[in-house]
Amino acid sequence: MEKIRNWMVAAGLAIIVVGLAWVGHGTGIIQLPATGFMSELSVWTINGSLVVAFGLIVLIGSWKLLRDEPHGPGFGDDHFLGES
């Protein structure tokens, strides 16, 4: 489970970096190449923001959902059902 979580965290971080690059191109902060098709177009700012949000969901989800400790009482727990 730890390997899966590490890969998901790495994927989330990579998605966030790509989204931030798109936001940078869309806002004109990044000008590489100088005649790029993404330069200063608001559609890339919006798309990049959505990609960053998705990357954060992947990152937080992998960190929370794939942790090793139990999530609390669940269906497999006898105390949850009121049994001792």
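Thresholds, definitions, all that
Residues numbered from 1 in each chain as written. Predicted model: local features only at pLDDT ≥ 70, side-chain atom pairs only at ≥ 80, totals over all residues. Heavy atoms only, no water. Helix = DSSP H or I, 4+ residues; strand = E, 2+ residues; numbered from the N terminus. Buried < 20%, exposed > 50% of the residue type's maximum accessible area, 1.4 Å probe, protein only. Contact = heavy atoms within 4.5 Å. Areas by Shrake-Rupley, 256 points an atom, 1.4 Å probe, with all protein chains shown as cover. UniProt positions renumbered as here; feature names shortened; annotations may be inferred.

Visitor: When you look at the overall build of the protein in this model, what are you seeing that I'm missing?
Guide: Within the protein, the secondary structure is distributed over two helices and zero strands. By residue count, 23% of the 84 residues in the protein fall in the buried class. Taking contacts inside the protein between residues at least 6 apart in sequence as the whole, the part at least 24 apart equals 55%. Here the protein displays about 6200 Å² of accessible surface, and carbon together with sulfur accounts for 71% of that area.

Visitor: When you look at the side chain of His 25 in this model, what are you seeing that I'm missing?
Guide: Mapped onto the fold, His 25 is located in helix α1 (residues 2-27). Dropping the residues within four chain positions of it, His 25 is found in contact with Ile 30, Leu 32, Met 38, Ser 39 and Glu 40.

Visitor: Is there a simple way to explain the UniProt feature "transmembrane region" (unreviewed entry) in the protein in this structure?
Guide: The sites that UniProt annotates as "transmembrane region" (unreviewed entry) are residues 7-24 and 44-66. In residues 7-24, helix accounts for 100% and strand for 0%; the two terminal C-alpha atoms are 26 Å from one another. Between the end C-alpha atoms of residues 44-66 there is a gap of 32 Å, over a span that is 96% helix and 0% strand.

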